[in-house]
Amino acid sequence: MADPRPRDGAAATNEPTDRPPVDLIGLHGGEWFGRAAGDALRAATVVIGTPRHLGAVPVPPGARAETLGSDLGAALDRVAEWRTEDQRVCFLVSGDPGFFGLTRLARGRLGPGGLRVHPAPSSVALAFARVADQWDDAVVVSAHGRDPATALDAVRRYGKVAVLCSPTVAPEALGRGLAGPEAPARQVTVAASLGGPGESLWHGDMDGLAEGSFDPVSIVLFRAGDPSRSGWSWGRPEAEYRHRDGMITKAEVRAVALGKLALPPAGVMWDIGAGSGSVSAECARLAPALRIFAVEQNRDDLPALRGNLAGSAVTVVAGHAPGALAALPDPDRVFVGGGGIDVLDASLARLRPAGVVVATYAALGRATDAAARLGQMVQVSINRAVPIGPSGALRLAAENPVFVCWGPR
């Protein structure tokens, strides 16, 4: 009985085994990666690629070099025909053809058994390598033949995004599309011609991106916050924030409220009755890709609020809630630190699916009304140790209790 297992390491497929697969070889800097890619190229009888790729690799003696035109579909038809003639075809492309590249189209035309892929590093991997940052947590969007609104929304919603630009959506077009008072604060890198002699890197901010002029076939990296800073700290002392007459959410209450908020990595948050902005400031540290709107009606609090939020991506909204909420995008999280039940109702009416509202109150009556809507409430009572006289002895001084409500259930 014949052994059904594939020999010589060949993969088992439903394709005829006597017909050689097409080798799709990714290049970086004119070089292929891996022994298998080199062996495939040396055994090729037909090599197809752009003039740049054909000039970068040694076409084997006796092999036919074919120039790739702009019609990929026609090129794959020719490749499929060569394969039926038992030609050994190598198709040269840039980078990783499985990453927004030719693999999907070629696999659909040739079938899974008709294709072997030999990738080089992708352009996105190279771009993140140039800034010495990991990209396993990045969102990658291609603007080639796609609505640029998808890329713009990704940059607004996520803290680390790579956009593959195109002649119709150049890097500066992304900058202009993101410009405005609600533009997210991002570090921006534009990487062009990676691995080639004309490689260039530009580092700047959103304003510089909108005002610049770049190679349209570039990779643009958008990164929130300073990657060298750790954001895992909350419930920071009140003394770290400017505030008026003790009008600030106490550190311990703030820590409980932030825990109940369960901040998402991205999305929209409202901080209503922001006061000193301590909650907004800590949320911005913990979730730098979160779009945060700090709403405050008291004009006397606005200077301290803006000062405490300087350098962050938080947008300060001066106005009275709930009216001031009308122009804001729907929230994923809401912290209500001031305002009546009408503010809570307005927040719940606009809350996105699976969203969370946290509200704090000093008065029990208002807290029970809020708990009836949100479903959950705790009382936070704080007793802080303070010294008694010069002996160093301590006593406990009670702060006013605060009710923390959260939900919906």
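Up top you'll find the structure we're talking about.
Reading the values: the criteria
- Residues numbered from 1 in each chain as written.
- Predicted model: local features only at pLDDT ≥ 70, side-chain atom pairs only at ≥ 80, totals over all residues.
- Heavy atoms only, no water.
- Axes fitted to C-alpha atoms, helices over the stretch in contact; angles between N-to-C directions.
- Helix = DSSP H or I, 4+ residues; strand = E, 2+ residues; numbered from the N terminus.
- Parallel < 35°, antiparallel > 145°, perpendicular 65-115°, else oblique.
- Left-handed = near helix turned anticlockwise from the far one by under 90°.
- Contact = heavy atoms within 4.5 Å.
- Nonpolar A, V, L, I, M, F, W, Y, C, P; charged D, E, K, R; others polar.
- Salt bridge = Lys/Arg side-chain N within 4 Å of Asp/Glu carboxyl O.
- Buried < 20%, exposed > 50% of the residue type's maximum accessible area, 1.4 Å probe, protein only.
- Phe/Tyr/Trp six-rings, centres within 6.5 Å; stacked < 30°, edge-to-face > 60°.

K.L.:
It is not clear to me how the packing of helix α3 (residues 72-84) against helix α4 (residues 103-110) should be interpreted in this structure. Could you clarify?
P.N.:
Two quantities define a packed helix pair, namely the angle between the helix axes and the distance between the axes. Between α3 and α4, the least distance of the axes is 10 Å, while the angle of their chain directions is 45°. Comparing their axes, α4 and α3 come out oblique. Taken as a pair, α3 and α4 cross one another with a handedness that is right-handed. Of the residues in α4, those in contact with L72, L76, D77, V79, A80 and R83 of α3 are L105, A106, R109 and L110. Grouping the amino acids of the contact of α3 with α4 by side-chain chemistry returns seven nonpolar, no polar and three charged.

K.L.:
Whenever I open this one, the pattern of salt bridges confuses me. Can you help?
P.N.:
If the charged atoms of two oppositely charged side chains come close together, the side chains can form a pair. The tally for this structure, following the rule as stated, stands at 15 salt bridges. Linking E199 and R130 is a salt bridge whose minimum nitrogen-to-oxygen distance equals 2.8 Å. Note that E199 is positioned in the loop between β8 (187-192) and β9 (200-204) and R130 in helix α5 (residues 123-130), a separation of 69 residues in sequence. By relative accessible area, which is 29% here, E199 ends up partly exposed. With a closest N to O distance of 3.0 Å, D137 and K160 form a salt bridge. In this pair, D137 is assigned in the loop between α5 and β6 (139-142) and K160 in strand β7 (residues 160-164), connecting sequence segments 23 residues apart.

K.L.:
What should I look at first to understand the packing of aromatic side chains in this one?
P.N.:
What describes a pair of aromatic rings is the distance from one ring centre to the other and the angle between the planes of the rings. Going through the model one piece at a time under the given rule, you end up with four aromatic pairs. Centroid distance W202 to F214: 5.1 Å. Interplanar angle 65°. Geometry classified as edge-to-face. On the criterion of sequence distance, the pair formed by W202 in strand β9 and F214 in the loop between α8 (206-211) and β10 (218-223) is long-range, its members being twelve residues apart. The partly exposed category is assigned to W202, whose relative accessible area is 26%. A relative accessible area of 16% places F214 in the buried class. Among the aromatic side chains, those forming a connected cluster through ring pairs are F99, F100, F128 and W135.

So far we have only geometry, and geometry alone does not tell us how the molecule works.
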